[in-house]
Amino acid sequence: MQFVQRMADFIQGHEKIYCYGAGEYAAALVHFLAEQHRKPLGCIVSDGESAAASCEGVPITALSDTELGADVGIVLALAEKWHDVLAEALQQKGICASQIYRLTEREVNIIRIWESIVLNQSGKQPTPDNAERYEEHYQKLMAKFARIEVHMVGSGAVGPILHELFYYKRYGFQSADIYHLFAFFGWGVEPWANPFEKPNAFLYEVFHGEQFCAVNRENLDFWKYVFAHHMDNIDINGTWGYVDIVLDSIHKMHDGDFVGNGMTALDISRVEELGAQSLRDMGVRKEYVLLFVRDSVYYKKSRHDIQDTSLRIMDKYRNSDIASMKKTADYLSEKEISAVRIGTTPLPHQDMGSIIDYAGEFHTDAMDFYLAKHCKFYVGDHSGAMYFTVYWDRPMVMINLPNITGYYDGTFPFDRRRDLGIYHKFWSKRENRLLNLSEILAIEDCSHEPPIYSGNINVMMKYHENDIVPIANTEDEILAVTQEMEERLQGTAIYSEEDQLLQEKFQAILRAYLKVRPEVLFYDVRIGRDFLRQNLWLTR
């Protein structure tokens, strides 16, 4: 950690140290300073900003109540956008620039990554007897690699992590002589308190390859040892690289290269026997299809503290109902195929017909992977849950697709040769009619705007601003596209010349739009046969 010496010099140069801020940056800083045997006298906040008494045991003090002098050093531990304003306010109180340390976002990330390993008390308790074994393991690792680079992975939702894992397994790394270690970060959990459970405990165990792994309960003590004894060979990267992965994935999607090809398989052999028994316990037949709906319950339960306007609007366009899939489940049952609802969020009690409610009654983290590996295909919304299937190239039937294109968001390795999809229909309250594909794309054209969480939300905000009402797929539409997938897998699907023409017209409109927008993501699937037949207006 190159900045540590710079911070150490700053701390040693001032008799009294204060932290400006009382949020997650400040909490991370307080823990870090404790390891350097220093404790701030207080966490300063602007007048009227905080009602809390302390931050990680350090008293919170208002700026106007804090005695400042020439012997004081102040670390700005909050978002960089506030640094200039606060530095000016401090200078008006007699604090010169040399008394202020501006903690950057990258440095905060480095601190949090370091703390997530060194200060984490999860896992097994280390013993001196393990030191020799750890050293031997470390030497074997360094015989293959020149250094270790540590990254963070935002683990608020399962989709982005599964995307990263797919990407690394599919495309590898630019340099072959660097070993990559990943530390997961989750919503509402301090890095030193990560219990390795969210968003999926089993994901920590399978997030590895020949050149990378994630910190988990089993290897935590080894990495503690490495950080304590070999920090000279470790580079902590405080820049979150997922944005680069998102952009490169979109570019690869445009080139037709963002697909699975057998290089992404995961080893889940240790849960195969347990998984098979779980299927029997659930009453699942030999063949089964995964069903998933993304409803507003998800964000209300997982991000209840940030239900702002943009997220509420997104929920308007991503709020499906499992009841719309009961007819599909009955069809599958007639074919001796079980229908299994996946996810992690139990729904309020409702009649699901012949659907087996794995998500509400049987869910385990390991079974998320097992079910995806052995399913016949997936039918459901565009959400992180579908990503489990891509490691084994399982076919996907996308329903209720909430937008035609998006940007600055995790995408999925769709394959038009394998996957089918159908969209919402979009009703314009202003025009009092349904919009065709060209009209929807014109409204979606906002990829030049800064993203709100993700660019997909920007698109949905445009829908909202233009009084566009989403019309969810009917149970008959979902049934029809599911039947089409089953026919394709059985080799009995029939397509007329008109079907092919409609497919080509849809793709021609979409591809012309994408050609001049290389940063835009899309659903690279074949459009459902019956959906195009019944909605001829879409490609006019």
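Our structure is the block above this text.
Once a new chain begins, its residue numbering starts again from 1 and follows that chain's sequence as written. pLDDT decides what is reported in this predicted model: residues at 70 or higher carry local features, side-chain atom pairs at 80 or more are listed and counted, and totals for whole chains, interfaces and linings draw on all residues regardless. The side-chain figures draw on all heavy atoms in the structure; neither hydrogens nor water molecules are used.

**Student:** Talk me through the packing of aromatic side chains; I want residue IDs and the actual numbers.
**Tutor:** Each aromatic pair joins two rings of Phe, Tyr and Trp (for Trp, the six-membered one) with centres within 6.5 Å, and gets the label stacked for planes under 30 degrees apart, edge-to-face for over 60, and tilted for any other angle. This model, assessed by the stated rule, comprises 36 aromatic pairs. Ring geometry for Tyr168 versus Phe182: centroids 4.9 Å apart, planes at 35 degrees, classification tilted. One end of the pair, Tyr168, is in helix α6 (residues 158-171); the other, Phe182, is in strand β8 (residues 178-185), with 14 residues separating them in the sequence. For the pair shown, Tyr168 and Phe182 are each scored as buried. With a centroid separation of 6.0 Å and an interplanar angle of 65 degrees, the aromatic rings of Phe414 and Tyr523 are classed as edge-to-face. Highlighted residues: Phe414 in the loop between β16 (405-407) and β17 (420-423) and Tyr523 in the loop between β21 (520-522) and β22 (526-527), separated in sequence by 109 residues. As far as burial versus exposure is concerned, Phe414 and Tyr523 are alike and both buried. A cation sits over an aromatic face here: Arg526 above Tyr495, 4.4 Å from the ring centre. Criterion for a charge above a ring: Arg CZ or Lys NZ at most 6 Å from the ring centre, at most 35 degrees from the ring normal. Sitting over the ring of Tyr495, Arg529 keeps its end group 5.5 Å from the ring centre. Helix numbers and strand numbers start at the N terminus; a helix is a DSSP run of H or I with at least 4 residues, a strand a run of E with at least 2. Working definition: with a 1.4 Å probe on protein chains only, accessible area under 20% of the residue-type maximum means buried, over 50% means exposed, and in between means partly exposed.

**Student:** Pulling in residues and values, what's your account of the pattern of salt bridges?
**Tutor:** Salt-bridge detection follows one rule: a side-chain nitrogen of Lys or Arg within 4 Å of a carboxyl oxygen of Asp or Glu. A full pass over the atoms with the stated rule returns 33 salt bridges. Across the pair Asp476 and Lys327 runs a salt bridge, and its minimum N-O distance is 2.8 Å. You can see Asp476 sitting in helix α18 (residues 475-490) and its partner Lys327 sitting in helix α13 (residues 326-334), a full 149 residues away along the chain. On the accessibility criterion, Asp476 (44% relative accessible area) is partly exposed.

**Student:** Describe unusual backbone geometry, naming the residues involved and giving the relevant values.
**Tutor:** With the exception of glycine, most residues fall at negative phi, and the peptide bonds are largely trans. The omega torsion across Lys198 and Pro199 is 0 degrees, close enough to zero to call that bond cis. Among the secondary structure elements, Pro199 is positioned in the loop between β8 and α7 (201-206). Here the phi dihedral of His37 falls at roughly 60 degrees; this positive angle occurs in a residue that is not glycine. Topologically, His37 is positioned in the loop between α2 (24-35) and β2 (42-45). The exposure class of His37 is exposed, given its relative accessible area of 73%.

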